[in-house]
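# Observations on chain architecture
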Amino acid sequence: MTDAANPIQRDPTDQEAGFELNDEFERFPQKNEMFRRSWWDPTIRNAKTEAFYRGHSEPVTIHRRSKGYHQKDYAIRNAAWRISDVLTEVRGEGRREGFTDVFTLQGDVSPRRADLGDPEAAARQIKKAARTLGAALVGITHYDERWQYSARFHDGSGEELPPEIPPGLAHVIVVAVPMPYDIMQTTPSALGSAAAGVGYSRDAALLISLAQFIRDLGYRAIPSMNDTATSIPYAIKAGLGEYGRNGLLITKEYGPRVRLGKVYTDLPLAHDRPIHFGVQEFCRICKRCAESCPAKALPLGEPSFKINNISNRKGVKKWSVNAEKCFGFWAAQNTDCATCIRTCPYNKDYSKWWHRAARRLAGTRLRRIIFALDGYMGYGKRLRPDIWWEREQQEGRPLP
Ligand code: SF4
Ligand code: SF4
């Protein structure tokens, strides 16, 4: 565990994970995260950001002429988000579980501790349970104070609150849930935003169930989604993928098309190691996400310590997203955007052998050829939302 008084103290596995920190490193207050800023920062909060949030929770009345923004598109978006929204708001009192506060729907810890064997055996069984409960990917790493928010933020009161993770939860189980490939192809659109809603709703249910399983084994377990900490460094350490130019985790199995979550626990578990399959090298030649970003919010250059504004973490060498530009675009079009996920050459259906073969070659010196072929084949192009609704009918295929 990292010493909180010395936040940049190097972790022995930092190098293996590709983390590079300098003396400017500071723990990040959740208040500065872009969505939180849209509640308190007058330079961000405006009529458009308020309409953006209202549009997710009120009965759908929005209808625009453009395809992908009809009433049915907003309706399926809000339906996809519904389970996540209900779980988030269930406690009331301004708690927004999964986003600013940890989930608390799980029951008490059993007074009887089960014996799962040594940490390797316990990790195997936890991973099996996580997959059964809905995780597509699962890895385990250690608790690291550096990635925990220095303070939480309460949207309603505008107060900063102390972190909710108690001491002694030394292990972090990181899970990933994929977002549907075909809906993601329609982004940016209200329909495309349903992909994120499906991911969040499944993620929230999985995290609560997984924590419940561990608590019934007699160990403490706290489920957490976007609250309490930045998930990507944990996911990299847990071996779920590498960091991409689009500011997202790129997994081997789904590319950047995943939502992440974590469960903090004191159940002794063996840890995983970071993986490398050539993402950083590929991103250096690709740049497709940055070139197609409608808000020009992604960097075209090399990873650096440069920050765009207070929503970037200081002291970490990486590709940093300009979240002000990104969220400004979301608010302007009244729904979120995932063009940087859709266009990424790693966003593929890897049940197809040829995509697995291309991914392997993308990690070699043939990466330029693979990149050129990817563009030539037209991957990453937007699917018209009206075609998505009628695709099976038009192609004479049964509904999935
Ligand atoms: S979500 Fe859209 S606007 Fe934001 S960085 Fe990605 S492509 Fe750009
Ligand atoms: S689109 Fe290209 S540059 Fe962007 S994250 Fe994906 S592989 Fe990297």
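Reference entry: report on the structure contained in this document. (Residues numbered from 1 in each chain as written. Chains lettered and ligands numbered in written order. Predicted model: local features only at pLDDT ≥ 70, side-chain atom pairs only at ≥ 80, totals over all residues. Heavy atoms only, no water.)

### Side note on the overall build of the protein
Looking only at helices and strands, the protein features 15 helices and eight strands. Considering only C-alpha atoms, the protein reaches an extent of 55 × 50 × 45 Å along its principal axes. By the burial criterion, 53% of the 400 residues in the protein qualify as buried. Within the protein, contacts between residues at least 6 apart in sequence are counted, and of these 75% link residues at least 24 apart. With the model as given, the accessible surface of the protein reaches about 18300 Å², and the carbon-plus-sulfur share is 54%. Distance from the positive charge centre (59 side chains) to the negative charge centre (47 side chains) of the protein: 7 Å. (Helix = DSSP H or I, 4+ residues; strand = E, 2+ residues; numbered from the N terminus. Buried < 20%, exposed > 50% of the residue type's maximum accessible area, 1.4 Å probe, protein only. Contact = heavy atoms within 4.5 Å. Areas by Shrake-Rupley, 256 points an atom, 1.4 Å probe, with all protein chains shown as cover. Lys, Arg positive; Asp, Glu negative; His and termini not counted. Charge placed at Lys NZ, Arg CZ, Asp CG, Glu CD.)

### A look at the packing of helix H5 (residues 119-132) against helix H7 (residues 194-216)
Two packed helices can be described by the angle between their axes and the distance between those axes. Close contact between H5 and H7 brings their axes to 9 Å; oriented N to C, the two are set at 145°. Crossing handedness for the pair H5 and H7: right-handed. On H7, the residues that touch Ile-126, Ala-129 and Ala-130 of H5 are Leu-206, Leu-210, Phe-213 and Ile-214. In the contact of H5 with H7, the residues fall into seven nonpolar, no polar and no charged. (Axes fitted to C-alpha atoms, helices over the stretch in contact; angles between N-to-C directions. Left-handed = near helix turned anticlockwise from the far one by under 90°. Nonpolar A, V, L, I, M, F, W, Y, C, P; charged D, E, K, R; others polar.)

### Let's talk about the sheet that holds strand E5 (residues 221-224)
With antiparallel pairing, the four strands of this open sheet are ordered in space as E1-E4-E8-E5. Where the open sheet ends on each side, the last strands, each with one partner, are strand E1 (137-142) and E5. Taking each pair of neighbouring strands and ignoring which way they run, the sheet shows an average axis angle of 20°. Bridge count between E5 and strand E8 (residues 258-265): four bridges; the pairing is antiparallel. Following the sheet pairing, Ile-222 is matched in E8 by Tyr-264. Each of E1 and strand E4 (171-178) is contacted by H5, which is oriented at about 140° to E1, the strand it contacts most. Docked against the sheet, H7 engages E4, E5 and E8, running at close to 20° with respect to E8. (Pairing = 2+ DSSP bridges.)

### Some words on the packing of helix H3 (residues 47-57) against helix H11 (residues 323-333)
Two elements in contact, H3 and H11, have axes separated by 8 Å at closest approach and are oriented at 70°. On the basis of their axis angle, the class for H3 and H11 is roughly perpendicular. When you trace H3 past H11, the crossing you get is left-handed. On the side of H3, the interface is formed by Lys-48, Thr-49, Phe-52 and Tyr-53, while H11 contributes Phe-327, Trp-330, Ala-331 and Ala-332. Here the contact of H3 with H11 is composed, by residue class, of six nonpolar, one polar and one charged. (Parallel < 35°, antiparallel > 145°, perpendicular 65-115°, else oblique.)

### Observations regarding the site of ligand 1
The environment of ligand 1 is made up of Cys-293, Pro-294, Ala-295, Leu-298, Cys-326, Trp-330, Cys-337, Thr-339 and Cys-340. If you list the elements that add at least two residues to the shell around ligand 1, you get H11 and helix H12 (339-342). Split by residue class, the shell around ligand 1 holds eight nonpolar, one polar and no charged. (Near = heavy atom within 4 Å.)

### Here's the deal with the pairing of E4
Summarising burial for E4: eight of the eight residues are buried, a large majority. Going residue by residue along E4, you find His-171, Ile-173, Val-175 and Val-177 tucked away on one face and Val-172, Val-174, Ala-176 and Pro-178 tucked away on the opposite face as well. Examined bridge by bridge, E1 and E4 share six bridges and lie antiparallel to one another. Bridging from a neighbouring strand, Ile-140 pairs with Ile-173 of E4. Note that E4 and E8 share eight bridges and pair antiparallel. Residue pairing in the sheet places Pro-178 in a bridge with Val-258 of E8.

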